[in-house]
Amino acid sequence: MSPSAELRRVSKSYGETKALDDVTLKFSRGEIFTLLGPNGSGKSTLLKILACIEKPDSGMMFINGEKITSVNRDRARLTTTLVFQRTTLFSTSVYKNIAYGLKLRGLPQKQVRRSAEKALAKVKLEGYEDRPAKNLSGGEQQRVSLARALALQTPILLLDEPTANLDPKSASIIEEVIRQANRQRDTIVIIATHNVFQADRTSGKAAFLANGKIIAVGTIDEILGRKPEIRAKFSRLENLFSGISEILEEGTSKITIDDEIAIECASRQTGRITVFIRPEDIILSKESFKSSARNVFKGKIVEISDQGSLVKLKVDAGKQFTAQITKRSFSELGMKVGSQIYLTFKASSVQVA
Amino acid sequence: MARISAVITFALALSLLLLPLFLVEEFAEGLITALKLIVSGDPEILSITLRSIYISGIAIALSISWSIPIGVLLALSDSAAKSYVKSLFNALLGIPTVALGLVLYLLFSSSGPLGPLNLFLNPLGVSIGQAILVTPIVVSFTTSAVEAVDPDIKDLAKTLGASQTEASLAVLKESTSGVVLAIVAGFNRALAELGIVLMIGQNIRGQTRVLTTTIALETTRANLPLSIALAIILMSIVLTIALLTNVIQRRAR
């Protein structure tokens with residue numbers, strides 16, 4: 001039977017907070033499906049339920065047509081693997097991390113070794129077997145997590161923000177490996193992300209979640225082209241802005257967003273468009289400086305959040321921007337909530353959705 | 001390379017511990033005699049050393065049987081009473097050993113409620129006393145070690161195919177180095193204990209005489225070479241165990 005997964009009217013609450021509210025979704029063989037939505041929209045809970053590590057409060061889940069109950073949940077867990085957003089590794093070598101799940105499945109030693117080596121080669125970490133996993137860089141650690149999941153060859157692969165806060169090299173390796181796994185073994189890949197461009201690159205179908213509810217299901221284009229109220233929900237995603245674009249004499253275009261700010265963009269489209277700026281493409285500075293970048297905004301820091309080696313800052317500059325910088329830059333700039341700051345980014349960093 | 005640096009660390013630590021003693025005039029002479037006693041394999045020193053390791057070994061084995069389960073349950077508990085119980089064990093870390101020794105003396109002595117068990121003046125009684133003494137150490141260290149494990153480890157093990165029990169074991173495995181530290185700290189504390197051993201064991205030659213009680217006794221008798229020899233052995237055991245634990249843990253990873 002073709003692998004498939006289905007959620008029917010699934011709800012889940014944590015205390016007073018409703019994490020998932022009457023969610024119905026179907027995933028078919030060979031599909032790459034993206035779960036889009038802002039933080040706290042229920043994406044991670046949905047993945048944990050699909051991974052059989054959380055039980056829904058109500059509703060039903062089916063894997064390969066079989067209803068998942070407390071009796072078969074442990075067995076069903078062997079058909080799915082979840083790669084967590086926050087990289088989690090056992091305090092041991094890279095090899096032992098990857099071998100853990102294979103040994104649980106009772107595979108012979110030789111096959112465990114072979115599968116681990118193959119999985120490491122896929123994520124371009126050949127020869128890393130004996131290294132202590134926790135001593136690797138953030139990108140390498142996330143690649144080990146992915147290799148550990150790939151080695152199990154489960155029919156369903158679940159990924160929670162797999163490239164969030166990663167260097168571009170690791171991010172592109174991970175995206176490529178996900179596509180390969182999907183193509184070669186018809187794996188159902190379900191990715192939670194709030195990077196709409198990653199979704200567009202890797203995914204066929206997507207669902208948009210807000211406050212635990214499914215707001216829209218379709219292709220990314222279909223979802224982005226939906227009614228204004230859905231676009232408004234999207235605006236809660238990081239650095240995603242919708243506005244009216246007009247072409248400038250210089251060859252770039254100016255996108256006016258709600259008559260509040262105008263962003264210069266390298267594309268030459270007119271009319272209503274949606275654009276996105278990657279948080280890591282925004283330069284933060286205490287003073288305005290001369291540069292070739294076309295977009296400079298003065299703003300005030302409204303939120304600072306620690307992301308391990310990186311710091312994420314929300315800056316109100318007419319519209320709210322999210323920027324991501326290293327911890328070292330953050331401490332050197334001596335920033336705090338309420339500080340005035342300049343945001344600078346190039347017209348070519350503004351991507352059209 | 002790691003082994004060489006560990007040996008150098010060990011030698012340096014031992015030298016640093018012994019350094020102040022060189023300021024004492026009798027020490028150099030005492031040290032030479034002590035080393036001769038150790039090298040010659042003096043039967044008295046050997047039996048005292050082995051008895052010390054045996055009594056404290058039984059003590060830590062007894063303590064592990066209840067302290068590690070208590071520590072793990074405490075760490076995994078969501079009960080409202082958790083913080084009070086943790087505070088209690090933390091407070092007991094500083095329990096005056098003489099007071100504990102007195103309580104055990106009253107319990108174990110022939111006129112005490114546990115007198116019929118013949119634990120007074122008995123090596124097993126001394127082991128039980130040491131086991132009770134090190135319980136707060138093993139419990140507190142174990143609780144901290146399990147609490148320090150990444151909370152996502154259990155979910156990680158499950159998503160890789162582990163059952164509930166296998167996932168709990170994965171959490172325990174992650175805390176192994178902390179739990180081993182708890183055991184080592186407990187054993188070393190038991191080995192170094194004097195008050196309880198004196199009160200329950202009474203330092204009977206050939207039965208309850210251990211390294212600490214002999215050092216105390218021989219020092220009061222001005223038999224410094226024997227005291228020094230035993231002190232060197234005591235410190236060597238403590239440092240060797242720390243070194244071995246370190247090497248084994250590195251290899252295990």
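Residues numbered from 1 in each chain as written. Chains lettered and ligands numbered in written order. Predicted model: local features only at pLDDT ≥ 70, side-chain atom pairs only at ≥ 80, totals over all residues. Heavy atoms only, no water.

## Comments concerning the pattern of salt bridges
All names here are of chain A. Scanning the entire structure with this criterion turns up 26 salt bridges over all chains. Across the salt bridge formed by E260 and K319, the nearest N and O atoms sit 3.3 Å from each other. With a gap of 59 residues between them, E260 in the loop between β12 (253–257) and β13 (261–265) and K319 in the loop between β17 (310–316) and β18 (320–326) connect regions that are remote in the sequence. R294 is the salt-bridge partner of E264, the closest N and O atoms lying 3.1 Å from each other. Of the two residues, E264 sits in strand β13 while R294 sits in the loop between β15 (283–285) and β16 (295–307), which places them 30 residues apart along the sequence. Classification of E264 by relative accessible area gives buried; the value is 12%. (Salt bridge = Lys/Arg side-chain N within 4 Å of Asp/Glu carboxyl O. Helix = DSSP H or I, 4+ residues; strand = E, 2+ residues; numbered from the N terminus. Buried < 20%, exposed > 50% of the residue type's maximum accessible area, 1.4 Å probe, protein only.)

## A closer look at the interface of chain A and chain B
Taken residue by residue, the interface counts 25 residues in chain A and 18 residues in chain B. For the interface between chain A and chain B, the tally reads 3 salt bridges. Run the count over chain A and chain B and you get 6 residue pairs in polar contact (both at pLDDT 80 or more). Elements supplying a minimum of two residues to the side of chain A that touches chain B: β6 (80–83) and α3 (94–104) of chain A. Counting residues per element, the side of chain A that touches chain B draws most heavily on α3(A), which supplies 4 residues. (Contact = heavy atoms within 4.5 Å. Polar contact = N/O pair within 3.5 Å; in protein donor to acceptor, adjacent residues only side chain to side chain.)

## Quick notes on the environment of A:N135
Secondary-structure assignment places A:N135 in the loop between α4 (109–122) and α5 (138–151). Distance from A:N135 to A:S93, taken between C-alpha atoms, is 9.4 Å for residues 42 residues apart in sequence.

## Quick look at a nonpolar patch on the surface
All names here are of chain B. Taken together, the side chains of V103, L107, L114 and L117 define a hydrophobic patch exposed on the protein surface, amounting to about 310 Å² of accessible area. You can see L114 is positioned in the loop between α5 (97–108) and α6 (123–147). Judged by its relative accessible area of 31%, L114 is partly exposed. (Patch = residues over 30% accessible without salt bridge, like charges linked within 9 Å, V, L, I, M, F, W, Y side chains within 5 Å. Areas by Shrake-Rupley, 256 points an atom, 1.4 Å probe, with all protein chains shown as cover.)

## Description of the packing of aromatic side chains
Each pair of aromatic rings is reported with the distance of its centres and the angle of its planes. Residues and elements named next belong to chain A. This model, assessed by the stated rule, comprises 7 aromatic pairs over all chains. Between F297 and F345, the aromatic rings sit 5.9 Å apart at their centres with planes inclined by 35 degrees, giving tilted as the arrangement. Taken as a pair, F297 in strand β16 and F345 in strand β19 (residues 340–345) lie far apart in primary sequence, 48 residues in all. Taken individually, F297 and F345 each receive the classification buried, so the pair is uniform in this respect. The interplanar angle of 45 degrees and the centroid separation of 5.8 Å between the aromatic rings of F321 and F345 together place this pair among those described as tilted. (Phe/Tyr/Trp six-rings, centres within 6.5 Å; stacked < 30°, edge-to-face > 60°.)

## Some words on unusual backbone geometry
All names here are of chain A. If you check the backbone angles, D22 has positive phi at about 55 degrees while not being a glycine. With respect to the element layout, D22 can be found in strand β2 (residues 17–27). Overall, the relative accessible area of 36% leaves D22 in the partly exposed class. Positive phi is not limited to glycine here, since D258 has a value of about 50 degrees.

## A few points about the sheet that holds β13(A)
Residues and elements named next belong to chain A. In space, the 5 strands of this open sheet follow the order β13-β12-β11-β14-β20, with antiparallel pairing throughout. Only two strands of the sheet have a single neighbouring strand rather than two, namely β13 and β20 (350–352). Shown here is a sheet whose adjacent strand axes are inclined to one another by a mean of 45 degrees, direction ignored. The sheet contact formed by strand β11 (residues 240–247) and strand β14 (residues 271–277) spans 6 bridges and is antiparallel. Residue pairing in the sheet places S245 in a bridge with G271 of β14. (Pairing = 2+ DSSP bridges. Axes fitted to C-alpha atoms, helices over the stretch in contact; angles between N-to-C directions.)

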